[in-house]
Amino acid sequence: MADPRDPDCLFCKIVDGAVPATVVRETERTLAFRDIHPQAPTHVLVVPKAHYPNAATLAAADPEVAAALLTEAAEVAVDERIAESGYRLIFNTGQGAGQTVFHAHVHVLGGEPFTEGLV
Ligand code: AMP
Ligand code: ZN
């Protein structure tokens, strides 16, 4: 099991309440808060409270919490009323994919039509 917190990690500090964030959902093991630089009308990040550097290390170490990120992302979509209009879930994994915060997180993006895609 990974260290529950990394003292140098921004999202660990948000989980601990040391850095403020607009929290929209919380469970025993996950936290969802608004992205500080939204890329869509709804842009929420869902993170495990325990520190894992990315989704792959989280999934390998704790598949239950990895699955909980998806469940919570779906709940965020319902709360934000984008479940029907559609939304994207993005896990950037590694610097080459644009990951900048090395604490596992899924982006929940919606509220406007996405007409183009990378895949
Ligand atoms: P990624 O590029 O996938 O690592 O995503 C990191 C995300 O964290 C970016 O979309 C940032 O805008 C967001 N972010 C950075 N600092 C904060 C913060 N203090 N509160 C909320 N979101 C943040
Ligand atoms: Zn962390």
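The present account deals with the structure reproduced in this document.

The rules behind the values
As a convention, each chain's residues are numbered from 1 in the sequence order in which they are written. In the order they appear in the text, chains get letters beginning with A and ligands get numbers beginning with 1. Local features in this predicted model are restricted to residues whose pLDDT is 70 or higher, and side-chain atom pairs enter the listing and the counts only when it is 80 or higher, whereas totals over whole chains, interfaces and linings include all residues. Note that water and hydrogens are dropped before the side-chain values are worked out from all heavy atoms of the structure. Sites may look incomplete, because water is not among the atoms used; the donor set itself consists of N, O and S atoms within 2.8 Å of the metal (3.2 Å for Na, K and Ca). Square planar and octahedral assignments, for four and six donors respectively, both demand that opposite donors be over 155 degrees apart and that all other angles lie between 65 and 115; tetrahedral needs four donors with all angles between 85 and 135 degrees, and anything else is irregular. Only DSSP runs of H or I covering at least 4 residues are called helices, and only runs of E covering at least 2 are called strands; the numbering of each starts at the N terminus. Accessibility here uses a 1.4 Å probe with only protein chains present; expressed as a share of the type maximum, an area under 20% marks a residue as buried, one over 50% as exposed, and anything in between as partly exposed. Any residue with a heavy atom lying within 4 Å of a molecule or strand is counted as near it. Throughout this description, a polar contact denotes any pair of N or O atoms lying within 3.5 Å of each other; where both atoms belong to protein, one of them has to be capable of donating a hydrogen while the other can accept it, and for residues adjacent in sequence the pair is counted only when both atoms sit in side chains. Note on areas: Shrake-Rupley with a 1.4 Å probe; residue coverage comes only from the protein chains shown. Of the grid points, spaced at 1 Å and generated over the protein atoms alone, those admitting a 1.4 Å probe that cannot get out make up cavities, while open sets with protein on both sides within 12 Å along at least five of seven lines make up pockets; any residue with an atom within 4 Å of a point is treated as lining. Assignment to a cavity or pocket requires that more than half of a molecule's atoms be within 2 Å of the site's grid points. The classification used treats Ala, Val, Leu, Ile, Met, Phe, Trp, Tyr, Cys and Pro as nonpolar, Asp, Glu, Lys and Arg as charged, and all other residues, Gly among them, as polar.

## Side note on the coordination of the zinc ion (ligand 2)
All of the protein donors around the zinc ion (ligand 2) are Cys9 (SG), Cys12 (SG), His51 (ND1) and His103 (ND1); their distances to the metal are 2.0 to 2.3 Å. In this structure, the zinc ion (ligand 2) is coordinated by four donor atoms arranged in tetrahedral fashion, with angles at the metal of 107 to 115°. Each donor residue of the zinc ion (ligand 2) belongs to the same chain, and together they define the spacing C-x2-C-x38-H-x51-H. Note that His51 is positioned in the loop between strand 3 (42-48) and helix 2 (55-61) and His103 in the loop between strand 4 (87-90) and strand 5 (106-110), a separation of 52 residues in sequence. Per residue, the accessibility class of His51 equals that of His103, and both read buried.

## Focus: the site of ligand 1
In the vicinity of ligand 1 there are 16 residues, among which Asp35, Gly98, Thr100, His105 and His107 approach most closely. Residue Thr100 places a main-chain N or O atom 2.7 Å away from an oxygen atom belonging to ligand 1. At a separation of 2.9 Å, an oxygen atom of ligand 1 approaches a polar backbone atom of Val101. Protein burial of ligand 1: of its 500 Å² of free accessible surface, 85% is covered by the chains. Of all the cavities here, the one that holds ligand 1 is the largest pocket. Those elements that provide at least two residues to the shell around ligand 1 are helix 1 (10-16) and strand 2 (30-34). Broken down by element, the residue count for the shell around ligand 1 peaks at three residues, all from helix 1. Residues of the shell around ligand 1, tallied by class, amount to seven nonpolar, seven polar and two charged.

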